[in-house]
Amino acid sequence: MTRIAVLGAGKIGESLLSGLISAGWSPGELQFTERYPARAAELTDRYGVAAVEVAQAVRDADVLAVAVKPQDIDPLLAEVAPNMTGRELVVSLCAGLPTSLFERSLPAGTAVVRVMPNTPMLVGEAMSAISGGAHAQDADLKLVEEMMSSVGSAVLVPEGQQDAATALSGSGPAYFYYLVESMIEAGVLAGVPRDTAAELVVQSAAGAAAMLRTDGAHPGRLREAVTSPGGTTAAGLRELDRHGVRSAVVDAVEAARQRSAELGRAHED
Ligand SMILES: NC(=O)C1=CN([C@@H]2O[C@H](COP(=O)(O)OP(=O)(O)OC[C@H]3O[C@@H](n4cnc5c(N)ncnc54)[C@H](O)[C@@H]3O)[C@@H](O)[C@H]2O)C=CC1
Ligand SMILES: O=C(O)[C@@H]1CCC=N1
């Protein structure tokens, strides 16, 4: 199996390690680097994966999966570059950063694949959008597609759509959590105990997601099936429309897309 080193083991780095182990990768095939020793010890304890220095990660691994914040990328690449042979496959999980940024900072010809995953990777339910850089071969894309498919679903997209994918599926879980939180608060306001409200809402979200996944499902038709004439749902939806929730959602996704593009531009020369 391919040896993978995760560079930066925060929320996404841990989700990747955890998801890969659940998918059958042995801890011995994985490594990670982490800036904070206490965090590194915690992860080694939890997953049995070794924390290593960057030089060792580059020496041992076939794939370097970069999972630091976009703001931390320059020092990381400065540390990685001198250790590379140019044969390693670099997989960036970083929001906003174009493959060209990695190609500029790493040895000439380095294959780079950009991935936008999301945190449900932790439970094997990631959505990952994948794009190849200038030197990524079909085999590299296939490898990354297999890797990300082992922790959820994966789709290839042109790199020009990565900022939009970041806004939709990278950030997407946060928007669903926000809606769930808001509905639970509404239940509490209506006098339902918090635990019960949470159970009612979370199972409804899981049920709705399962319905959305059935063959031929369409969100509009599913919503219509819940909306009885003169009923409760129509009364509720009218309030969502009155408050402009649909355009708030469109604006939120657009703001996230623009922020992703901005994170990339911050690294232009
Ligand atoms: N949190 C999310 O839902 C998603 C995050 N991403 C992307 O994943 C990347 C990581 O995000 P998070 O995991 O949320 O951030 P995080 O802050 O939880 O994790 C980053 C980790 O990298 C470590 N780090 C920083 N510089 C380092 C270095 N030079 N060497 C070793 N370790 C270093 C930090 O100590 C930290 O543990 C970001 O680029 C983000 O855009 C992508 C999709 C979803
Ligand atoms: O908020 C962020 O910047 C990261 C990228 C996608 C989800 N979380």
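Parameters and conventions
- Residues numbered from 1 in each chain as written.
- Chains lettered and ligands numbered in written order.
- Predicted model: local features only at pLDDT ≥ 70, side-chain atom pairs only at ≥ 80, totals over all residues.
- Helix = DSSP H or I, 4+ residues; strand = E, 2+ residues; numbered from the N terminus.
- Buried ≥ 20, exposed ≤ 12 C-beta atoms within 10 Å, placed from the backbone.
- Contact = placed C-beta atoms within 7 Å.
- Domains from an automatic or database assignment.
- Nonpolar A, V, L, I, M, F, W, Y, C, P; charged D, E, K, R; others polar.
- UniProt positions renumbered as here; feature names shortened; annotations may be inferred.
- Axes fitted to C-alpha atoms, helices over the stretch in contact; angles between N-to-C directions.
- Parallel < 35°, antiparallel > 145°, perpendicular 65-115°, else oblique.
- Left-handed = near helix turned anticlockwise from the far one by under 90°.

Another aspect to go through is the overall build of the chain. Along the chain, the regular secondary structure elements total 12 helices and eight strands. Expressed along its principal axes, the backbone C-alpha trace of the chain runs to roughly 70 × 40 × 35 Å. Considering the chain as a whole, with its 269 residues, one finds that 32% of them fall into the buried category. A separation threshold of at least 6 residues defines the contact pool for the chain, and within that pool the share at least 24 residues apart is 65%.

So, on to the domain arrangement of the chain. What the domain assignment lists for the chain is domain 1 (4-159) and domain 2 (172-261). Distance from the C-alpha centre of domain 1 to the C-alpha centre of domain 2: 33 Å. Between domain 1 and domain 2, the residue contacts involve five residues of the former and four residues of the latter. Tallied by class, residues from the side of domain 1 that touches domain 2 come to two nonpolar, three polar and no charged.

The UniProt record marks residues 159-263 with the feature "domain: Pyrroline-5-carboxylate reductase dimerisation" (unreviewed entry), using the residue numbering of this structure. In the segment residues 159-263, helix accounts for 80% and strand for 0%; the C-alpha atoms at its two ends are 15 Å apart.

Let us now look at the packing of helix α8 (residues 172-189) against helix α9 (residues 194-212). Where α8 meets α9, the axes come as close as 9 Å, and the angle between the chain directions of the two elements is 140 degrees. Judged by the angle between their axes, α8 and α9 are oblique. Note that α8 runs across α9; the crossing there is right-handed. Of the residues in α9, those in contact with Phe176, Val180, Met183, Ile184, Gly187 and Val188 of α8 are Arg194, Ala197, Ala198, Leu200, Val201, Val202 and Ala205. Residue classes in the contact of α8 with α9 are distributed as 11 nonpolar, one polar and one charged.

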